[in-house]
Structure formats: C-alpha cells, structure tokens
Amino acid sequence: LHVVSRSGSLGLRYNVFDGNAWNGEFATNNNVAYYPAIAVESDGTVHLAWLEGTPFTGNTLPISEGTFGAWLHGPTVAEVVEGYHTDLAVAADGSRHVVFYDDNLRNVRYATDSSGPWALSALVDSGIFDSRPSVALDGRGVVHIAAGVFTGSDPLLYFTDDSGEFASTTIDPE
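Residues numbered from 1 in each chain as written. Predicted model: local features only at pLDDT ≥ 70, side-chain atom pairs only at ≥ 80, totals over all residues. Heavy atoms only, no water.

1. Here's the deal with the sheet that holds strand β1 (residues 2-6)
Rules: At least two DSSP bridges between two strands are needed for those strands to be called paired. A helix here means a DSSP run of H or I that spans at least four residues, while a strand means a run of E at least two residues long, and both kinds are numbered starting from the N terminus. Orientation is described by axes fitted as lines to C-alpha atoms, over the contacting stretch for helices, and by angles from 0 to 180 degrees between their N-to-C directions.
Here three strands make up an open sheet; going across it, the order is β1-β2-β3 and the pairing antiparallel. Each edge of the sheet is formed by a strand with only one pairing partner; in this case those strands are β1 and β3 (22-26). Sheet twist, expressed as the average angle between the axes of neighbouring strands with direction ignored, equals 20°. Two strands pair when backbone bridges link them, and strand β2 (residues 12-17) and β3 are joined in this way by five bridges, in the antiparallel orientation. Bridge pairing links F17 to W22 in β3.

Here you go:
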C-alpha cells in the first residue's frame, strides 16, 4: 500500500506499508507542494504529481518517480496561475496521465507524456468545472476522466478518449 500526503511545511511525505509496518520519508522537502497524487506501476515504480507554488502567484505541476529512498524529480509538466487538485494514472507502458483544476481558466486540464514530450490540453472551455477531477485508465489503456459541474443540479461530466479524441457525456444525478 502506497500513500502520499502533504506534511505541513515539510513537503510531500511518501509512506509504504510492507505488510508488517509503515515506512515513511519525504519525497520532496518543499514546503509549497500541494494536492499530491500517486500512481504505482506493477513493477513497484511510484509516480507522484503535485502542484507547487503559492496560491494566486503561480503554480507549477512537477512529476517525480522512484521507489523508497530513490526519487528522480522529473520535468515541470505545466505552469498555471492557480491550480488545484491533481490526479494521476500510469499506463501499462509507463506513460503518465495527469488531470488538475486550473482556477484561472476555470477548467480541468489534462496532460500526458504518452507520445513522448508532455502535452497539455483543456478538456472543455466551459468555465464551470468543479475543482476535483479524477482520471483512470482501463485495461486497454483508454483514458477516463470525471469532473463535477456547478450548474444547480450538479451533473458529472465524463470524458473518454476511446475513439482517439476526448468526447464528453453528461451524467445527470436525477
């Protein structure tokens, strides 16, 4: 079992349960790391994504990977004025898929390195998204994203790239 959390002003704390006990360490020693997400490959490689910075003055979205005691801090995936709530999934081929809420654009953004360099896109330019998107991959590697919408009835928007491009469906809660 793998867990990542923000630990006050000390950075991101990574914990792993080995079946007998919890072991923890700081994956970053940065006190401006927020909204961490974690995904673990079948070989045990851990991937972390988080927003880093100070609210209202700019955030970056860095990526790290590694195992307990050995972290490789990767590239900055995106730079945003103000972001919130990351989620992360890793495909069987090791490609990473990240979603987060961009409060400046009022949109859910999606980033992936599945084609090599990181590519960043906005899912829908509606400006009415909730700030807690989630991402998952199915057994075929198809991306699935869910995000709430503030409209009074609060439907859920579901996105998938099953056809090669993202398409959305509104799921009405009523």
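2. Considerations on a nonpolar patch on the surface
Which entries qualify depends on this criterion: Each patch is built from salt-bridge-free residues with over 30% relative accessible area, joining like charges within 9 Å and nonpolar side chains (Val, Leu, Ile, Met, Phe, Trp, Tyr) within 5 Å. Only the protein chains shown count as cover for residues, and all accessible areas are computed by the Shrake-Rupley method using a 1.4 Å probe. Take a side-chain nitrogen of Lys or Arg and a carboxyl oxygen of Asp or Glu: if they are within 4 Å of each other, that pair is a salt bridge. Remark: exposure states derive from per-residue accessible area (1.4 Å probe, protein chains only) relative to the maximum for the residue type, with buried under 20%, exposed over 50%, and partly exposed in between.
Together, L1, V3, F17 and W22 make up a nonpolar patch on the protein surface, roughly 380 Å² of accessible area in all. Assignment of secondary structure puts V3 in strand β1. Exposure remark for V3: the relative accessible area of 33% places this residue in the partly exposed category.

3. A look at the packing of aromatic side chains
To be explicit about the condition: Aromatic pairing here means that ring centres of Phe, Tyr or Trp (its six-membered ring) are within 6.5 Å. Orientation follows from the plane angle: under 30 degrees is stacked, over 60 is edge-to-face, and everything else is tilted.
In this structure the tally under the stated criterion is two aromatic pairs. The interplanar angle of 50° and the centroid separation of 5.3 Å between the aromatic rings of F17 and W22 together place this pair among those described as tilted. Arranged with centres 5.0 Å apart and planes meeting at 75°, the rings of Y110 and F166 form a pair that is edge-to-face. On the criterion of sequence distance, the pair formed by Y110 in strand β10 (residues 107-112) and F166 in the loop between β14 (156-160) and β15 (167-171) is long-range, its members being 56 residues apart.

4. Quick word on the sheet that holds β15
The strand order across the open sheet formed by four strands is β12-β13-β14-β15, and the pairing between neighbours is antiparallel. Looking at the sheet topology across the chains shown, the edges are occupied by β12 (134-137) and β15. Strand-to-strand twist across the sheet, computed as the mean angle between neighbouring axes with direction ignored, equals 20°. When β14 meets β15, the two strands line up antiparallel, connected through five bridges. Pairing of Y158 across the sheet is with T169, part of β15.

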